Amino acid sequence: MRRLRACLGAAAAVSLTAVGTTALVAGSASGATTALGNRWYAAAPYLMPTDNDPPDAGAIMDATGLKAFQLAFILAPNGGGCSPTWGGTSAVSSDTAVQSVINTIRAKGGDVSVSIGGYGGTKLGQACSDPASTAAAYQQVITKYGLHAIDFDLEEPEYENTAAVHNEIGAAKILQQNNPGLYVSVTTAGTADGTGWFGKQMLLEAKSQGFTPNNFSIMPFDGGFNGAASQTSALANFNTILQSTFGWDQATAYAHEGFSGMNGRSDTGEYFSQADFQTVLDFATSHSMDRFTFWSLNRDRQCSPADNGGRTSGTCSSVAQNSWDFAKYSVKFAGATPPTGTPTPTPTPTPTPTPPGGACKAAWSASTVYTAGNEASYNHHNWKAKWWTQNETPAATDWGPWQDEGAC
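Just so we're clear, the structure is a prediction, and the values are computed from it rather than from any experiment. (Residues numbered from 1 in each chain as written. Predicted model: local features only at pLDDT ≥ 70, side-chain atom pairs only at ≥ 80, totals over all residues. Heavy atoms only, no water.)

Quick look at the overall build of the protein chain
- A count of helical and extended segments in the protein chain gives twelve helices and 17 strands.
- A total of 408 residues make up the protein chain; the buried ones form 56% of that total.
- As presented, the protein chain carries roughly 15000 Å² of accessible surface, and 52% of it is formed by carbon and sulfur atoms. (Helix = DSSP H or I, 4+ residues; strand = E, 2+ residues; numbered from the N terminus. Buried < 20%, exposed > 50% of the residue type's maximum accessible area, 1.4 Å probe, protein only. Areas by Shrake-Rupley, 256 points an atom, 1.4 Å probe, with all protein chains shown as cover.)

Topic: unusual backbone geometry
- With omega at -10 degrees, the peptide bond leading from Ala-72 into Phe-73 counts as cis.
- By the element assignment, Phe-73 lies in strand β2 (residues 68-75).
- For the bond from Glu-156 to Pro-157, the omega torsion is -10 degrees, close enough to zero to count as cis.
- The topology assignment puts Pro-157 in the loop between β6 (149-153) and α7 (162-178).
- Its identity as a non-glycine residue notwithstanding, Asp-53 has a phi of 50 degrees, on the positive side.
- Within the fold, Asp-53 resides in the loop between β1 (46-47) and α3 (57-64).
- Although it is not a glycine, Asp-222 adopts a positive phi angle of roughly 65 degrees.
- Structurally, Asp-222 can be placed in the loop between β8 (215-219) and α9 (228-246).

A look at helix α11 (residues 274-286)
- End to end, α11 covers 18 Å across 13 residues, agreeing with the expected 18 Å (1.5 Å per residue, within 8%).
- Among the residues of α11, the N-terminal cap falls to Ser-273, whose side-chain oxygen and the backbone nitrogen of Ala-275 are separated by 3.3 Å.
- At the C-terminal side of α11, Ser-288 shows a positive phi close to 55 degrees. (Expected span 1.5 Å × (residues − 1). Polar contact = N/O pair within 3.5 Å; in protein donor to acceptor, adjacent residues only side chain to side chain.)

Let's talk about the state of the cysteines
- Under the definition given, this model contains two disulfides.
- Paired by a disulfide, Cys-82 and Cys-128 hold their sulfur atoms 1.9 Å apart. Judged by the sign of its S-S torsion, about 95 degrees, the bond between Cys-82 and Cys-128 is right-handed. A residue pair is termed long-range when its members are at least 10 positions apart, and Cys-82 in the loop between β2 and β3 (85-86) and Cys-128 in the loop between α5 (124-127) and α6 (131-145) qualify at 46 residues.
- Each disulfide pairs two cysteine sulfurs, and for Cys-303 the partner residue is Cys-316, the sulfurs being separated by 2.0 Å. Taking the sign of the S-S torsion, 90 degrees for the link of Cys-303 and Cys-316, the bridge is right-handed. Taken together, the positions of Cys-303 in the loop between β12 (291-295) and α12 (327-333) and Cys-316 in the loop between β12 and α12 put the pair 13 residues apart, joining distant regions of the chain. (Disulfide = S-S within 2.5 Å.)

Considerations on the pairing of β6
- For β6, the tally of buried residues reaches five of five residues, placing the bulk of the element in the interior.
- Here β6 shows a buried face lined by Ala-149, Asp-151 and Asp-153 and a second buried face lined by Ile-150 and Phe-152.
- Pairing analysis gives four bridges linking strand β5 (residues 111-117) to β6, with the strands arranged parallel. Each bridged residue has a counterpart across the sheet, and for Val-114 the counterpart in β6 is Ile-150.
- Looking at chain direction, β6 and strand β7 (residues 183-189) are connected through five bridges and run parallel. Opposite Ala-149, over in β7, you have Tyr-183 as the bridge partner.
- In this region the chain leaves β6, passes through α7 and returns to the parallel neighbour β7; the handedness of that crossover is right-handed. (Pairing = 2+ DSSP bridges. Right-handed = clockwise from strand over helix to strand, strands pointing away.)

That's the geometry; what it means functionally is another story.
Now the structure itself:
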């Protein structure tokens, strides 16, 4: 899935003044700004600040009125250890690149949340020995950047590891206690039923530890979804799961529920347009949901012909759009009004078919375990596994487990 990868009223959309603001007590070497209102952190779209052709955050702010960004992802070091890095390779302790991005955003009156986990890589919950050491690693991130918000993105393969999920949820609870006012979101996979077995186990873990974040968000894409109707149905089903798990009424469950979408073409070839985002936004605000975000700002621009708009990309959406169209839905959710008068989108370029290649490998099987270098055919293309994978449909993405070797 991702890529690579709260308490509001029940009657109507909640204004910024109703949500209020929060402020951390913890000091920071980064010179943290005063916190934004919670609604902005709830509306912050994901941005990879060092990968996938990062866009200029300041330019997005000027063009859309956006104030908050969800920076992704914090992982354990690729070589092992319980210390925070950006993407497994760049130590937070010595970082200057992401700090520069944060400084630019804050200088323009905005702020950031930081997301930990995501799809792929080794998570700190897997590498650290217990919740306390996991929390200590994340506290380094909070302190360095003076954070007022953090997102726990619990996906494959981590959320299939009960010890890792125990560490992550325990760490989230510790951070919530030690950083008064910290806005905490927990993001996990979405299914037509709301969330799958592992997502439900994560909720039970949170219940057993007595942990309640600002919201639990699902990602209703990459699971056979077809436009906004299927997504709002999943959100309604997830609401029922929250009610039954925590004993909440419907309004309380929606006040602790979030949506995390994918703009344009998803990893599995689903398409979500601007109209779909508007429909889900209307659902979220009418039900007083706590969060509306998406993956990602790096993709919130139209593909060029050279990018082959018929494939999923980490740097463009593969749908007809103006730059930052999807960011404006986050701005609306936060209660602000984005600028108007944007030009008509240019039609999506027609992908150039890949010429036929060699013979097809053995057909891909959902039950087969593939390791790095293994090959399989799917949908008349040959694919090579980048790492261990099982039951992940081959798709041409920058962050998924499969590499497209061309038509066969």
